[in-house]
Amino acid sequence: MTRGRFITLEGGEGAGKTTQAVRLAAALETRGLSVLRTREPGGAPGAEVLRGILLDGGIDWSPRAETLLHFAARAEHVARTVQPALEAGTWVVCDRFYDSTMAYQGFGQGADRAFIAAQIGLLGFAPDLTLVLDVPDAVAAERTRRRGLAPDRYERENAGFHARVRDGFRRIAAAEPRRCVLVNAAGDIEIVHAAIMRAVSERL
Ligand SMILES: Nc1ncnc2c1ncn2[C@@H]1O[C@H](COP(=O)(O)OP(=O)(O)O)[C@@H](O)[C@H]1O
Ligand SMILES: [Mg+2]
């Protein structure tokens, strides 16, 4: 059995991650691959409980505690969902992964980035390919507004926060060019999908 590949989609709110994860998973299935689409925080029963605590629990977590809760949810997600799927030969498409912790808690909220990097190292598990969807802040804000869902704790943050998160994602992509591809996600859905499929074909 050939191990599956682990692809993560990253970027701020309204970048188009969920839209493109659905399109990517469908395109891979068309190629005859078995595909699991999942998301963070969450993706396993215990991790979904932590998602509720993190996004809507009404608690103003201290930065390290918040980082560790994300990594606790991630450890559960990897152990229960991602690793078993990859071992069974399934490709896993994941909407957010550890780069979101670095971008949101590290760059956005000012948590200690070395502390987060240490957690990433301790996890001992990295994506085969990370697609970092990049859009100007105004475009992302307009898409999020049009989506019309009640905003969660992170979506309620101010414009300065979202600008720092975007800059953080761009720095992560630049620092890890073997794993990450920065995708211009400002174009229409088909154009972004085509760019993603090119990156997947070239890298995997
Ligand atoms: N390339 C695009 N052009 C225009 N609208 C888009 C594009 N990608 C996504 N959208 C729309 O923008 C909103 C946010 O997209 P979504 O995929 O939910 O973003 P994310 O998961 O990154 O927050 C949705 O209403 C979606 O239909
Ligand atoms: Mg989404």
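The coordinates are above.
Notes on the structure follow. Please read all numbers here as calculations on a predicted model, not as lab measurements.

**Details of the nonpolar core**
Here is step 1 of the chain: Counting residues in each nonpolar core, the largest one holds 38 residues, and the members touching the most others are Val93, Val132 and Leu133.
Here is step 2 of the chain: The element contributing the most residues to this core is helix α4 (residues 98-108), with five residues.
Here is step 3 of the chain: Sequence-distant contacts of Val132, defined by excluding residues within four places in its chain, comprise Glu10, Gly11, Phe169, Ile172, Ala173, Cys180, Val181, Leu182 and Val183.
Here is step 4 of the chain: With six residues, the next largest nonpolar core counts Ala44, Leu50, Leu54 and Leu69 among its residues.

**Quick notes on the environment of Gly16**
Here is step 1 of the chain: By secondary structure assignment, the location of Gly16 is in the loop between β1 (6-10) and α1 (17-30).
Here is step 2 of the chain: Here Gly16 falls in the buried class, since 24 other C-beta atoms lie within 10 Å of it.
Here is step 3 of the chain: Each C-alpha atom of the pair Gly16 and Gly108 lies 19 Å from the other, and the pair is 92 residues apart in sequence.
Here is step 4 of the chain: Ignoring any residue separated from it by four or fewer positions in sequence, one finds Gly16 in contact with Leu133, Ala185 and Val192.

**Quick notes on the site of ligand 1**
Here is step 1 of the chain: In the region of ligand 1, 14 residues are neighbours, and Gly16, Lys17, Thr18, Thr19 and Arg143 sit closest.
Here is step 2 of the chain: Residue assignment for the shell around ligand 1 shows that the elements contributing at least two residues are α1, α6 (137-147) and α8 (189-203).
Here is step 3 of the chain: Among the residues forming the shell around ligand 1, the class breakdown is three nonpolar, five polar and six charged.

**Some details on the pairing of strand β3 (residues 91-95)**
Here is step 1 of the chain: When you tally the buried positions in β3, you get five out of five residues, the bulk of the element.
Here is step 2 of the chain: The two faces of β3 match: Trp91, Val93 and Asp95 on one face and Val92 and Cys94 on the other face are all buried.
Here is step 3 of the chain: Two strands pair when backbone bridges link them, and β1 and β3 are joined in this way by four bridges, in the parallel orientation. Along β3, the bridge assignment pairs Thr8 with Cys94.
Here is step 4 of the chain: Pairing of strand β2 (residues 35-39) with β3 involves five bridges; the strand directions are parallel. Of the residues in β3, the one forming a bridge with Arg39 is Asp95.

**Digging into the pairing of β1**
Consecutive side chains along a regular strand alternate between the two faces of the sheet.
Here is step 1 of the chain: Here β1 lies mainly inside the structure; five of its five residues are buried.
Here is step 2 of the chain: Of the two faces of β1, the one lined by Phe6, Thr8 and Glu10 and the one lined by Ile7 and Leu9 are each fully buried.
Here is step 3 of the chain: Summarising the sheet, β1 and strand β4 (residues 129-134) pair through four bridges and their orientation is parallel. Along β4, the bridge assignment pairs Ile7 with Leu129.

**Regarding the environment of Glu13**
Here is step 1 of the chain: Position of Glu13 relative to the elements: it lies in the loop between β1 and α1.
Here is step 2 of the chain: Overall, the presence of 17 C-beta atoms within 10 Å leaves Glu13 in the partly exposed class.
Here is step 3 of the chain: C-alpha of Glu13 to C-alpha of Ala141: the two residues are 128 residues apart in sequence and 7.6 Å apart in space.
Here is step 4 of the chain: Once residues lying within four places of it in the same chain are set aside, the contact partners of Glu13 are Ala140, Thr144 and Glu155.

Cut-offs and rules
- Residues numbered from 1 in each chain as written.
- Chains lettered and ligands numbered in written order.
- Predicted model: local features only at pLDDT ≥ 70, side-chain atom pairs only at ≥ 80, totals over all residues.
- Core = buried A, V, L, I, M, F, W, Y, C linked by C-beta atoms within 7 Å.
- Buried ≥ 20, exposed ≤ 12 C-beta atoms within 10 Å, placed from the backbone.
- Helix = DSSP H or I, 4+ residues; strand = E, 2+ residues; numbered from the N terminus.
- Contact = placed C-beta atoms within 7 Å.
- Near = placed C-beta within 6 Å.
- Nonpolar A, V, L, I, M, F, W, Y, C, P; charged D, E, K, R; others polar.
- Pairing = 2+ DSSP bridges.

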